[in-house]
Amino acid sequence: MKVAIYPGSFDPVTYGHIDIIERAAKLFDKLIVLVLTNPVKPPTFSPNERVDFLKRSLSRQLSKVDNNIVIDEHSGLFIDYFKNCKANVIVKGLRVMSDFEYEFQMALINRDMFHEAETVFLTANVASMFLSSSAVKQIAMFGGDVSAYVSPKIVDDIKMKAKEFTARRVLEQK
């Protein structure tokens, strides 16, 4: 059985992420979508919120009888999780060259730490090459419409968090 892990912060999950998830799920027997915490980049949404966003955004795919997607969360070293679940492949999505430089480095580090760790890169579709979770959060924080970039099932949550963040910033500036 070929088990792949698609790790990421998913802060929040976008249509670009969903595209990679759907395509990777067709390539492997089991796909684990793994919400990670990056200590260098503090998340806007908690791990539980991000897992919930993924479940709601992927509810159609998860409800299928032949569903092979699992959503999980991990706060430690990724390669330890990879080894413990006996995965075969790491899936990473690429939008632009800077993504490749970073992800290539991570692939080499993962491979150095665990020689059986293979990384497969899937390129973003043209419609979402420009899309990032950071851009979605910034648009929301300025009151912009993010509905073209994320599932309608999580738009209100993103708007609410953006309002909370903006209100907190205004109070801090006073």
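Because the structure is a prediction, the values reported are computed rather than measured. For every chain, the first residue of the written sequence is number 1, and numbering continues from 1 along that sequence. In keeping with the predicted nature of the model, local features appear solely for residues at pLDDT of at least 70, side-chain atom pairs appear and are counted solely at 80 or more, and the whole-chain, interface and lining totals rest on all residues. Each side-chain value is derived from all of the structure's non-hydrogen atoms; neither hydrogens nor water enter the calculation.

Caption draft 1: Broad picture of the overall build of the protein chain. By the criteria applied, helices consist of DSSP H or I runs no shorter than four residues and strands consist of E runs no shorter than two, each listed in order from the N terminus. Counting its regular elements, the protein chain contains 7 helices and 5 strands. Taken from N to C terminus, the helices and strands of the protein chain fall in the order β-α-β-α-α-β-α-β-α-β-α-α. The C-alpha atoms of the protein chain give 16 Å as radius of gyration, which agrees with the globular expectation for 174 residues (16 Å, within 12%). Taking the principal axes of its C-alpha atoms as reference, the protein chain extends roughly 55 × 35 × 30 Å. For every residue, the accessible area obtained with a 1.4 Å probe (protein chains only) is divided by the maximum for its type, and the residue is called buried under 20%, exposed over 50%, and partly exposed between those limits. Relative to its full complement of 174 residues, the protein chain shows a buried share of 41%. Working rule for contacts: check all heavy atoms of both residues, and any pair within 4.5 Å makes them a contact. When contacts within the protein chain are restricted to residue pairs at least 6 apart in sequence, those whose partners lie at least 24 apart make up 75%. Values of accessible area rely on a 1.4 Å probe in the Shrake-Rupley scheme; residue burial ignores everything except the protein chains shown. Working note: accessible area of the protein chain is about 9,900 Å², and carbon and sulfur atoms make up 57% of it. Our radius of gyration looks at C-alpha atoms and nothing else; its globule reference is 2.2 Å times the residue count to the power 0.38.

Caption draft 2: Quick peek at the pairing of strand β5 (residues 118–123). Two strands qualify as a pair provided DSSP detects at least 2 bridges between them. Note: strand β4 (residues 89–94) against β5, 6 bridges, orientation parallel. Within β5, the residue paired with Gly93 across the bridge is Leu122. For the handedness criterion, the strands are oriented away from the viewer, and a crossover whose path from the first strand over the helix to the second runs clockwise is classed as right-handed. With helix α5 (residues 97–113) bridging β4 and its parallel neighbour β5, the resulting β-α-β unit is right-handed.

Caption draft 3: Structural view of the pairing of strand β1 (residues 3–8). Across the 6 residues that make up β1, a large majority, 6, are buried. On β1, burial covers both faces: Val3, Ile5 and Pro7 on one face and Ala4, Tyr6 and Gly8 on the other are all buried. Sheet topology places β1 next to strand β2 (residues 30–36); 6 bridges connect them, and they run parallel. Note on β2: the bridge partner recorded for Gly8 is Val35. Taken together, the 2 bridges between β1 and β4 define a ladder with parallel strand orientation. Bridge pairing links Ile5 to Ile90 in β4.

Caption draft 4: Quick peek at the nonpolar core. One finds Ile21, Leu31, Val33, Leu54, Val91 and Ile158 to be the most contacted residues of the largest nonpolar core, which totals 32 residues. Elements supplying a minimum of two residues to this core: β1, α1 (15–27), β2, α2 (47–57), β3 (69–74), β4, α6 (133–141) and α7 (155–173). Tallying contributions element by element places α1 first for this core, with 5 residues. Among all residues touching Leu54, those that are not within four sequence positions of it are Phe10, Val13, Ile21, Val33, Val35 and Ile71. Residues Leu36, Phe78, Ile79 and Tyr81 belong to the second largest nonpolar core, which totals 13 residues. Remark: nonpolar core denotes a set of buried residues (Ala, Val, Leu, Ile, Met, Phe, Trp, Tyr, Cys) joined through side-chain atoms within 4.5 Å.

Caption draft 5: The arrangement of the pattern of salt bridges in detail. Every case where a carboxyl oxygen of Asp or Glu lies within 4 Å of a side-chain nitrogen of Lys or Arg is listed as a salt bridge. Inspection of the entire model under this criterion finds 9 salt bridges. Residues Glu22 and Arg60 are paired through a salt bridge, measuring 3.2 Å at the closest nitrogen-oxygen approach. With a gap of 38 residues between them, Glu22 in helix α1 and Arg60 in helix α3 (residues 59–62) connect regions that are remote in the sequence. Given a relative accessible area of 27%, Glu22 falls into the partly exposed group. Linked by salt bridges that have partners in common, Asp52, Arg56 and Asp157 make up one network.

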